[in-house]
Amino acid sequence: MAEDTTVKTAPEVEQKAPKAKGKKGKRIVQAGEAHIQATFNNTIVSVTDKKGEIIAASSAGANGFRGSKKGTAYAAQIAAEKVAEIAKRDHGMNSVDVYVKGIGLGRDSAIRAFSTMGISINSITDKTPIPHGGCRPKGERKP
């Protein structure tokens with residue numbers, strides 16, 4: 001009697017490698033939207049196309065400002081200049097509609113940074129949320 005010495009293994013299952021998300025190609029976007037969120041602690045600037053897909057984004061904190069310096073107008077200007085430069089160089093953007101949200105110091109300086117970089121501003125819209133009614137504010141009731 002001959003003994004069978006071969007080892008049976010499970011059938012090999014073909015493993016699919018996960019698809020790597022590639023970088024999107026450089027799109028030419030002539031006109032877009034600039035969204036500026038200016039809080040007391042930071043300023044976030046992002047540029048999108050008309051559909052709302054982000055092309056470039058930056059913040060005061062991402063540009064090396066730390067602590068209370070992130071909330072300054074100068075930090076907001078630097079963040080906006082960086083975003084405007086990327087949008088103009090890589091995507092050919094030359095006009096934006098600006099949407100501002102928040103009450104921080106960087107509101108005006110971020111808008112000015114777009115115009116100094118040679119991007120024309122079509123409109124400026126304030127999207128700051130304003131409560132009307134809503135929850136009772138903190139604190140003791142006044143008589």
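Structure report, in brief. (Residues numbered from 1 in each chain as written. Predicted model: local features only at pLDDT ≥ 70, side-chain atom pairs only at ≥ 80, totals over all residues. Heavy atoms only, no water.)

### Brief notes about helix H2 (residues 107-116)
Point 1. Of the residues making up H2, those classed as buried are Ser-109, Ala-110, Ile-111, Ala-113 and Phe-114.
Point 2. Where H2 is buried, its residues contact strand E1 (31-38), strand E2 (43-48), helix H1 (73-91), strand E4 (95-101) and strand E5 (120-126). (Buried < 20%, exposed > 50% of the residue type's maximum accessible area, 1.4 Å probe, protein only. Helix = DSSP H or I, 4+ residues; strand = E, 2+ residues; numbered from the N terminus. Contact = heavy atoms within 4.5 Å.)

### Topic: H1
Point 1. Here H1 is 19 residues long and its end C-alpha atoms lie 26 Å apart, about the 27 Å a rise of 1.5 Å per residue gives.
Point 2. Looking at H1, one finds that the buried residues are Ala-75, Ala-76, Ala-79, Ala-80, Val-83, Ala-84, Ala-87 and His-91. Down the axis of H1, the smallest arc covering the buried residues is 165°, so these residues share one side. Among the exposed residues of H1, those pointing more than 90 degrees away from its buried face are Tyr-74 and Arg-89.
Point 3. On its buried side, H1 packs onto E2, strand E3 (54-59) and H2.
Point 4. Downstream of H1 by a residue or two, Gly-92 has a phi angle that is positive, lying close to 70°. (Expected span 1.5 Å × (residues − 1). Arc of directions from axis to C-beta.)

### Quick look at the sheet that holds E4
Point 1. Judged by pairing direction, the sheet is mixed, and its five strands sit side by side in the order E3-E2-E1-E4-E5 without closing on themselves. Either end of the sheet is taken by a strand with one partner, and the two such strands are E3 and E5. Neighbouring strand axes in the sheet, compared pairwise and without regard to direction, differ in orientation by 15° on average.
Point 2. Relative to E2, E1 runs antiparallel, the two being bridged by six bridges. Looking at E2, one finds that Ala-38 is bridged to Thr-43.
Point 3. Strands E2 and E3 of the sheet are contacted by H1, whose axis makes an angle of about 155° with E3. (Pairing = 2+ DSSP bridges. Axes fitted to C-alpha atoms, helices over the stretch in contact; angles between N-to-C directions.)

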